[in-house]
Amino acid sequence: MVPAWEQRKLSELVEIERGGSPRPIERYITDDPCGLNWVKIGDAPELGRYITQTTEKIKPEGLAKTRQVYPGDLVLSNSMSFGRPYIMAIKGCIHDGWLLIRDAQKHFDPIFLCHMLGAPQMLNQYRMFAAGSTVNNLNKELVGKAIVSLPSKDEQREIGIVFDRLDSLITLHQRKYCGVVSWMLGVALVRLSSEK
């Protein structure tokens, strides 16, 4: 018989911290290549899970008012694109539209954790905990209350590989679909212009 996976509150397994912004932010934005990567929601890829670059940097003196993240940390959007997780591939700083999820004790495979944090079951828990608030925003307390499954590390890796393969297939089909739609629009425009 296969043993059941342990169920725990996320806050018992990982560190969860809110990002922060030095204010006014305009005073801290810099073009200096030695600036710190300033991770914004727009820097997250539409498809994929890794944040690999930022469009802006902040001055090092802004570090005291923000949250630094490192490669391998996870970040979770907590407002506009509610509950979308990403793995950091670069060092940077996050504003208050992000939550840092740091697995310092290495309970999780990062790819498994990223998939789990964005799973419909987790999003449902976030929504349930946020019910009653005027805006669906996540905070570290709400996310920390979420109940998660803790398979063995080997199982986590296998699950992560399966979900990665599914993501690749979905991405491939989305690209094919977009190509077909673009072709159809092109044909329609040619036909419309030739009918004039």
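Structure first, text after, so check above.
Basis of the calculations
Numbering of residues starts from 1 in every chain and runs along the sequence as written. With the structure being a predicted model, the display of local features is reserved for residues of pLDDT at least 70 and the display and counting of side-chain atom pairs for 80 or more, all residues being used for whole-chain, interface and lining totals. Only hydrogens and water are removed before side-chain values are computed, so all heavy atoms of the structure are retained for them. Only protein chains enter the area calculation, which uses a 1.4 Å probe; residues under 20% of their type maximum are buried, those over 50% are exposed, and those in between are partly exposed. Secondary structure is summarised from DSSP: a helix means a run of H or I of at least four residues, a strand means a run of E of at least two, and numbering begins at the N terminus for each. The arc in question is the one spanned by the directions pointing from the helix axis to the C-beta atoms. By definition, residues are in contact when any of their heavy atoms lie within 4.5 Å. In this analysis a 1.4 Å probe is tested at points of a 1 Å grid over the protein atoms alone, and where it fits but cannot get out there is a cavity; an open set with protein on both sides within 12 Å along at least five of seven lines is a pocket; lining residues have an atom within 4 Å of a point. Grid points are joined across faces, edges and corners, and a volume is the space filled by probe spheres set on the points. Following the grouping adopted for this structure description, the nonpolar residues are Ala, Val, Leu, Ile, Met, Phe, Trp, Tyr, Cys and Pro, the charged ones are Asp, Glu, Lys and Arg, and the polar ones are all others, Gly among them.

1. Points about helix α2 (residues 120-130)
Here is step 1: For α2, the full list of buried residues reads M122, L123, Q125, Y126 and A130. Down the axis of α2, the smallest arc covering the buried residues is 160°, so these residues share one side. Turned more than 90 degrees off the buried face of α2, the exposed positions are P120, Q121 and M128.
Here is step 2: Contact partners of the buried residues in α2: β8 (74-77), α1 (110-117), α3 (140-145) and β12 (147-150).

2. Brief notes about the layout of surface pockets
Here is step 1: When its volume is computed, the largest pocket comes out at roughly 970 Å³.
Here is step 2: Listing elements by their share of the lining of the largest pocket, those giving two or more residues are β9 (85-88), α1, α2, β12 and α4 (153-195).
Here is step 3: Ranked by residue count, the leading element in the lining of the largest pocket is α4, at nine residues.
Here is step 4: Per-class residue counts for the lining of the largest pocket are 19 nonpolar, 11 polar and five charged.
Here is step 5: Size it by volume and the second largest pocket reaches roughly 160 Å³.
Here is step 6: In terms of lining, the second largest pocket is formed by P71, G72, D73, L74, I101, R102, D103, A104, K106, F108, P110 and L113.

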